[in-house]
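Structure at a glance
Now for the letters of each chain:
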Amino acid sequence: GSGASTIMRTNGTTTALTLDDDQNATFAGTIDVNGAGNNSIAGDLYFGVNADIFKSSGNLTLNVGGNIILDADGGFVAIKDGGTEIGNFGNSSSDFAITASVQDKDILFKGNDNGTVITALQLDMSNGGSATFRDDIDYGGKLTQTGTGANTFKGNIGVFGSAKFIEIGSANTG
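Quick summary incoming for the structure in this document. Nothing here was measured: the structure is a model prediction, and the numbers come from that model.

1. Digging into the overall build of the protein
- When helices and strands are counted, the protein shows 0 helices and 11 strands.
- When the helices and strands of the protein are read in sequence order from the N terminus, they spell out β-β-β-β-β-β-β-β-β-β-β.
- The contacts of the protein with a sequence gap of at least 6 include a subset with a gap of at least 24, amounting to 2%.
- Taken as a whole, the protein presents about 15600 Å² of accessible surface, with 48% of it coming from carbon and sulfur.

Below, the structure written as C-alpha cells:
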C-alpha cells in the first residue's frame, strides 16, 4: 500500500509493530501465540534466515489438504533424534541419495506382512552395504559379480526335471 500506520513502543524510540494499508503486519521481535485451543494462520507463513519451528513437548503434525512438499535449495533433508543426525535424504549430482549418518548403522526397509512388522531389506553399513533380503528375490536380468569374493549358495538354486542344478560360467555371454 501507499501508507503505513505505526505502533511505537512506549519509550518512543523503537518500532515494535508496523501495520500497512494492505493489512500486512511486521513485528520487530518474537511473536508468542498462547491462545486456548487451535490457533491458525490464514495465508503463507514466511521465515527468515535460519528460522526454526520449535515445539517443546508432544508431537508436531503437518496435515494439509494437498501434498507435503520438502524443497530444500541446499539439496538435503536431515532426520535427527535428540540433535544427532541419524540419516538424510539428499541430492547427489541429481541422484536421490538416502544416507545412514551414524557410523556402521544400517538402512532398514520395513513393512507390514499380514499384521506383522518385518524387515524386508537390510543394508548393512558395517559390512560395506551388504544386502539381506528376508525372502525371495525376483529379477528379470542377470546376476553379475563385480568383486573378487567367494560366493555361497544355499537352498534350491534351480530345478530341471528332478535334478537340482546351478550353472556357473566365467565368460560373459551377453
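2. A look at the side chain of Asp-124
- Structurally, the position occupied by Asp-124 is in strand S8 (residues 116-124).
- Of the side chains with opposite charge, Lys-105 comes closest to the buried, unpaired Asp-124, at an N-O distance of 9.2 Å.
- Not counting residues up to four positions away in its chain, the partners in contact with Asp-124 are Asp-106, Gly-129 and Ser-130.

3. Here we look at the environment of Val-77
- For Val-77, the location among the structural elements is in strand S4 (residues 76-81).
- Val-77 gets classed as partly exposed once you look at its relative accessible area, which sits at 25%.
- When the C-alpha atoms of Val-77 and Phe-89 are compared, they prove to be 5.2 Å apart, with 12 residues separating the residues in sequence.
- Apart from residues no more than four positions distant in its own chain, Val-77 is found in contact with Leu-70, Ala-72, Gly-87, Asn-88 and Phe-89.

4. Considerations on the pairing of strand S7 (residues 107-113)
- As paired strands, S7 and S8 are joined by 7 bridges and run antiparallel to one another. Residue pairing in the sheet places Lys-110 in a bridge with Thr-119 of S8.
- Hairpin geometry of S7 and S8 is characterised by an intervening segment of 2 residues between the two adjacent antiparallel strands and by a positive phi of about 55° at Asn-114.

5. Some points on the sheet that holds S4
- Pairing within the open sheet is antiparallel, and its 3 strands lie in the order S4-S5-S6. Each edge of the open sheet is held by one strand with a lone partner, namely S4 and strand S6 (95-100). Sheet twist, expressed as the average angle between the axes of neighbouring strands with direction ignored, equals 15°.
- Examined bridge by bridge, S4 and strand S5 (residues 84-92) share 6 bridges and lie antiparallel to one another. When the sheet's bridge partners are listed, Asp-81 is paired in S5 with Thr-84.

6. Observations regarding a nonpolar patch on the surface
- Taken together, the side chains of Ile-41, Leu-45, Phe-47, Ile-53, Leu-60, Leu-62, Val-64, Ile-68 and Leu-70 present a nonpolar region at the surface, about 970 Å² in accessible area.
- Since its relative accessible area comes to 55%, Leu-60 is described here as exposed.

7. Concerning the sheet that holds S8
- Across the sheet, which stays open at both edges, the 3 strands sit in the order S7-S8-S9 with antiparallel pairing between neighbours. At either end of the open sheet lies a strand with only one pairing partner, and these are S7 and strand S9 (130-133). Direction aside, the axes of adjacent strands within the sheet are offset by 20° on average.

8. Side note on a negative patch on the surface
- Residues Asp-113, Asp-135, Asp-136 and Asp-138 make up a contiguous surface patch of negative charge.
- Tracing the chain through its elements places Asp-113 in strand S7.
- Using a relative accessible area of 41% as the deciding quantity, one classes Asp-113 as partly exposed.

Conventions adopted
- Residues numbered from 1 in each chain as written.
- Predicted model: local features only at pLDDT ≥ 70, side-chain atom pairs only at ≥ 80, totals over all residues.
- Heavy atoms only, no water.
- Helix = DSSP H or I, 4+ residues; strand = E, 2+ residues; numbered from the N terminus.
- Contact = heavy atoms within 4.5 Å.
- Areas by Shrake-Rupley, 256 points an atom, 1.4 Å probe, with all protein chains shown as cover.
- Buried < 20%, exposed > 50% of the residue type's maximum accessible area, 1.4 Å probe, protein only.
- Lys, Arg positive; Asp, Glu negative; His and termini not counted.
- Salt bridge = Lys/Arg side-chain N within 4 Å of Asp/Glu carboxyl O.
- Pairing = 2+ DSSP bridges.
- Axes fitted to C-alpha atoms, helices over the stretch in contact; angles between N-to-C directions.
- Patch = residues over 30% accessible without salt bridge, like charges linked within 9 Å, V, L, I, M, F, W, Y side chains within 5 Å.
- Charge placed at Lys NZ, Arg CZ, Asp CG, Glu CD.

Such coordinate-based values are descriptive only and should not be taken to indicate function.
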